[in-house]
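# Per-entry structural report
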Amino acid sequence: MSARHEAGTATAHRVVVLGAGYAGLSAAIQLAARVKQREDVQVTLVNAQERFTERLRLHMTGTGQQLAELSIPELLEGTRAQFVRGWVTAVDADAKTVRIDDDRVLCYDTLVYGLGSVADTAAVPGAEEHAYTLNSTQDAEVLADRLARLGSGTVVVGGSGLTGVESAAEIAEQHPELNVVLLGRHGPGAAMNPRVRAYLQSALDRLGVEVRSGVEVAKILPAGVELEGGESVDADVVVWTSGTRVSPLAAAAGLSVDERGRVVTDVALRSVSHPEVYAVGDAVAVRQGYGDMHGTCQSGMPTGVHAAVSILRTLNGKEPRPFRFGYYHTPVSLGRNDAVVQFTRPDDSPRRIHLTGRMAARYKEAVTASPWPTWARMKKMPASGAFWPRGGRFTRVPEAR
Ligand SMILES: Cc1cc2nc3c(=O)[nH]c(=O)nc-3n(C[C@H](O)[C@H](O)[C@H](O)COP(=O)(O)OP(=O)(O)OC[C@H]3O[C@@H](n4cnc5c(N)ncnc54)[C@H](O)[C@@H]3O)c2cc1C
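Throughout what follows, the structure given in this document is the object of discussion. Once a new chain begins, its residue numbering starts again from 1 and follows that chain's sequence as written. Totals for whole chains, interfaces and linings use all residues, but because this is a predicted model, local features are given only for residues with pLDDT of at least 70 and pairs of side-chain atoms are given and counted only at 80 or more.

## Regarding helix α5 (residues 137-150)
Counting from the N terminus, the helices are DSSP H or I runs at least four residues long and the strands are E runs at least two residues long. The length a helix should cover is 1.5 Å for every residue beyond the first. Taking 1.5 Å per residue, 14 residues should reach 20 Å; α5 reaches 20 Å between its end C-alpha atoms and fits that length. Neighbour density around each residue's C-beta defines its exposure: 20 or more other C-beta atoms within 10 Å make it buried, 12 or fewer make it exposed, and counts between make it partly exposed, where C-beta atoms are placed from the backbone. Of all the residues in α5, the buried ones are A140, L143 and L147. The buried residues of α5 occupy one face: seen down the axis, they fall within an arc of 60°. Exposed residues pointing more than 90 degrees away from the buried face of α5 are listed as Q138, D145, A148 and R149. Contact definition: two residues whose C-beta atoms, as placed from backbone geometry, lie within 7 Å. Close packing links the buried residues of α5 with α2 (58-61), α6 (162-174) and β16 (237-240). One or two residues past the end of α5 sits G151, with phi positive at roughly 85°. To be clear, the arc concerns the directions from the helix axis to the C-beta atoms.

If you want it as structure tokens, here you go:
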């Protein structure tokens, strides 16, 4: 039997935020801080776990390193926002309801959809059955347990994107007894400047990671992978990090989505089919002057803050402003004491300037640790969360003028 929950009082405007990742938490905290004194707005945040998942550190969890316990309900203390722990099983965008764990229903007036993404295990046959992932803390802990028990053998990391590079480096550093092979279509840091690419390669060499680029993984097998062309690479463990896949819930709800299932929005991050739904983080397809934004933490947090500010503007009878964001850096860890930081133009193309080595590792750690204190500060000073590079001429789209 299902229980129907009214979020807030009968007259309050009910804002329900789905997903307490980098983007959803930014939206919930920003909004809750700004409506602290208002009885007419009720914010409810729904997430699968009470503990915040530091996705940026899941390769650390995957190698057995313990992370801080970051409690989402504790973070919300001092605001009037409610926290609901549960798994969202359906959204009815016409009835404006959210079903949780199949037996609870939340009603909303405005929805913020921020359910993130996971590695695309559907892209290659066998990945779903045989590969380990860093999709959640639980998945990363399962990998950590397996690696700890291996003793010797080969770990293949599938996907030479930045998550693959970070994962291969972390596994090689934490488990020097294992052979680590990084397989991918492109060389590590393919979009970075040549000096950064060379540094990445030398750091992976130093850690003993065998890099095989220009290969296409055709199939994941119980004991290895098969490449296009038929070659097999034996492995005791395969970790799949390539591509991203979003939750099917948005499409099932009837929201307009792109070919990858991401919510299609207007320039203010409102669903083009259901304007009372905002989409944030990896779950949204955001178009900027330079093209489609790709999901990152650095862009995800601003989308959440922008959605919160836009909701308030709308409640105050104003039009929301267009969202604009320009990238500024790509930090990549190479184990615990090494990293590269590629500074970028707003369209994410690489500049010449970059950092490497210990200084880069300290920079990367500072960036990775920054969201939690940022939210704590935002609770007291919401405006402090509203600073990010808007991208100048790179992000001016004709509709936004
Ligand atoms: C190992 C690794 C390293 C990375 N490193 C970097 C980096 O250095 N820099 C960078 O910018 N990006 C990095 N990324 C990418 C970055 O983590 C994502 O872009 C970012 O997390 C997206 O934020 P989000 O809020 O959209 O989604 P998420 O952070 O994934 O949050 C989504 C939340 O929704 C919850 N959720 C999902 N579905 C449901 C459901 N049905 N019901 C209830 N709750 C649900 C999840 O549990 C989660 O809490 C990395 C990713 C990985 C895996």
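## Some words on the environment of E141
As for its placement among the helices and strands, E141 is situated in helix α5. Placed 69 residues apart in sequence, E141 and E210 show a C-alpha to C-alpha distance of 24 Å.

## Description of unusual backbone geometry
Not every positive phi belongs to a glycine, and D101 is a case in point at roughly 50°. By the element assignment, D101 lies in the loop between β6 (97-100) and β7 (104-107).

## Let's talk about the packing of helix α1 (residues 22-34) against helix α11 (residues 371-380)
Fitting a line to C-alpha atoms yields each axis, with helices limited to the stretch in contact; the angle taken between N-to-C directions then spans 0 to 180 degrees. It is at 8 Å that the axes of α1 and α11 come closest, and there the two elements cross at 15°. When the interaxial angle is binned, α1 and α11 end up roughly parallel. As α1 runs across α11, the sense of the crossing is right-handed. Along its contact with α1, which presents Y22, L25, I29, Q30 and A33, the element α11 presents P371, W375, M378 and K379. When grouped by side-chain class, the residues that make up the contact of α1 with α11 number 7 nonpolar, 1 polar and 1 charged. By definition in this entry, angles of less than 35 degrees are roughly parallel, angles greater than 145 are roughly antiparallel, angles of 65 to 115 are roughly perpendicular, and the rest are oblique. For a crossing to be left-handed, the near helix must be turned anticlockwise from the far one by less than a right angle; the clockwise case is right-handed. Only Asp, Glu, Lys and Arg are considered charged, only Ala, Val, Leu, Ile, Met, Phe, Trp, Tyr, Cys and Pro nonpolar, and every remaining residue, Gly among them, polar.

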